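Okay, here's what each chain looks like letter by letter:
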Amino acid sequence: MRIPLSLLLAGLLAAPPYGAVALAQTAPVPQVKVDATRDPVDKSYRKMLQGVDRFERDHALAPQAVLRFRLLPRQPGVDMTGVQLRIAGDTVSIPLPLTQDNSFAPVRHAQAAREDAVLIANRKASSMSWRAQVITPGLPPGKRRLGDLRLECRAGMDSGLISNDPQIIAWLSSMLYSTDKVCSEPDGNYLFFTERPLFGVTLVHGERRVSLPFTMLYAGGEQTPASLPYCDCQVLLDRTYYAPLWDTSWPDDTLLEFTYMDEVAP
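Residues numbered from 1 in each chain as written. Predicted model: local features only at pLDDT ≥ 70, side-chain atom pairs only at ≥ 80, totals over all residues. Heavy atoms only, no water.

If you look at the biggest cluster of nonpolar residues, it comprises 31 residues, and the most contacted ones within it are Cys153, Phe192, Leu198, Val201, Tyr241, Ala243 and Leu256. Put simply, the parts of the chain that give this core at least two residues each are helix H4 (146–158), helix H6 (179–184), strand S9 (192–193), strand S10 (198–205) and strand S13 (255–260). It is H4 that contributes the most residues to this core, 4 residues altogether. Judged by nonpolar contacts, the second largest core, of 30 residues, contains Phe55, Leu85, Ile87 and Leu119. (Core = buried A, V, L, I, M, F, W, Y, C linked by side-chain atoms within 4.5 Å. Buried < 20%, exposed > 50% of the residue type's maximum accessible area, 1.4 Å probe, protein only. Helix = DSSP H or I, 4+ residues; strand = E, 2+ residues; numbered from the N terminus.)

Right, let's get into the sheet that holds S13. Strand-to-strand pairing in sheets goes through backbone hydrogen bonds, with the strands running parallel or antiparallel. A sheet is described by the order of its strands in space; here 4 strands give the open sequence S8-S13-S10-S11, paired in antiparallel fashion. What marks the edges here is a single partner per strand, and that holds for strand S8 (143–145) and strand S11 (208–211). Across the sheet, the mean angle separating the axes of adjacent strands is 25° when strand polarity is ignored. Of the strand pairs in this sheet, S8 and S13 are connected by 3 bridges, and their pairing is antiparallel. Of the residues in S13, the one forming a bridge with Arg145 is Leu255. Along the sheet, H4 makes contact with S8 and S13, crossing S8 at roughly 65°. (Pairing = 2+ DSSP bridges. Axes fitted to C-alpha atoms, helices over the stretch in contact; angles between N-to-C directions. Contact = heavy atoms within 4.5 Å.)

Glancing now at helix H2 (residues 45–57). For H2, built from 13 residues, the straight-helix expectation of 18 Å at 1.5 Å per residue is met to within 8% by its first-to-last C-alpha distance of 19 Å. Taken residue by residue, H2 has Tyr45, Met48, Leu49, Gly51, Val52, Arg54 and Phe55 as its buried positions. You can read the cap of H2 off the contacts: a side-chain oxygen lies 3.3 Å from the backbone nitrogen of Arg46, and it is on Ser44. (Expected span 1.5 Å × (residues − 1). Polar contact = N/O pair within 3.5 Å; in protein donor to acceptor, adjacent residues only side chain to side chain.)

Within the structure shown, the criterion is met by 18 salt bridges. Among the salt bridges present, the one from Glu152 reaches Arg144, with a minimum N-O distance of 2.8 Å. Its relative accessible area of 6% is what places Glu152 among the buried residues. Using a relative accessible area of 12% as the deciding quantity, one classes Arg144 as buried. A salt bridge links Glu257 to Arg209, with the nearest nitrogen and oxygen atoms 3.1 Å apart. In this pair, Glu257 sits in strand S13 while Arg209 sits in strand S11, placing the two residues 48 residues apart along the sequence. (Salt bridge = Lys/Arg side-chain N within 4 Å of Asp/Glu carboxyl O.)

On to the sheet that holds strand S7 (residues 128–135), then. Taken in spatial order, the 3 strands line up as S5-S2-S7 in an open sheet, and their pairing is antiparallel. On the outer flanks of this sheet lie strand S5 (103–104) and S7, each paired with one strand and no other. Both strand S2 (residues 66–73) and S5 contribute to a ladder of 2 bridges, which runs antiparallel. Within the sheet, the bridge partner assigned to Phe69 lies in S5 and is Phe104. Against the sheet, H2 engages S2, S5 and S7, with an angle of about 135° to S2. Across the sheet, H4 touches S2 and S7, and the angle it forms with S7 is around 135°.

Structural data, given as structure tokens:
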């Protein structure tokens, strides 16, 4: 079946018009078996390592933070309990323990890299999304640091974390959207997620406070029933926002303060 190019690009080209607004060492390899699942959630291990390399190169953006990767639900009713994840190659099978929030720490393994291994979970590709996670410890609840988000975008893009895109979309994305373009230009469209449905986001640095416009919330407000299946925000649309990663007038120590729907009186 031929899919119209306009539909394929719908989820890729929704960029926020912010510019118009003022504003682990290798360890012995234990053997583990995870039951195979049709259409598994798999990602390139080599690409993940590229994301780790980017994190290490640009660590000055968030010098106290560590890099993790996190699995997020993609469809309504997805059971995120009991997810099992491993690195699978021709001769290696390495379990990646998940914490309660379904995140894991990346590990380096030379043999897995040589075998062009994949990260595979016991869930279908259409059920979950992947994201890099860079969080400076000690931040107050309901706040993120802009430098963390800048580094999170770069590590995530270099890791190839574009979930559940058909091959043609992945090819178009690699042609049109480099890491530097997505993470350092006004028309970048890297989505971030909060833990609860959002009402608003405010940038704060010193005495300067600016609320993000509606066009930077809810995936830009431009998702349609046709494009939504190609967006990581499919089930988390009300938890998404864009950040002004490119705007150097906001330094890395800028905080983003979140107001959630359940905190606002009717």
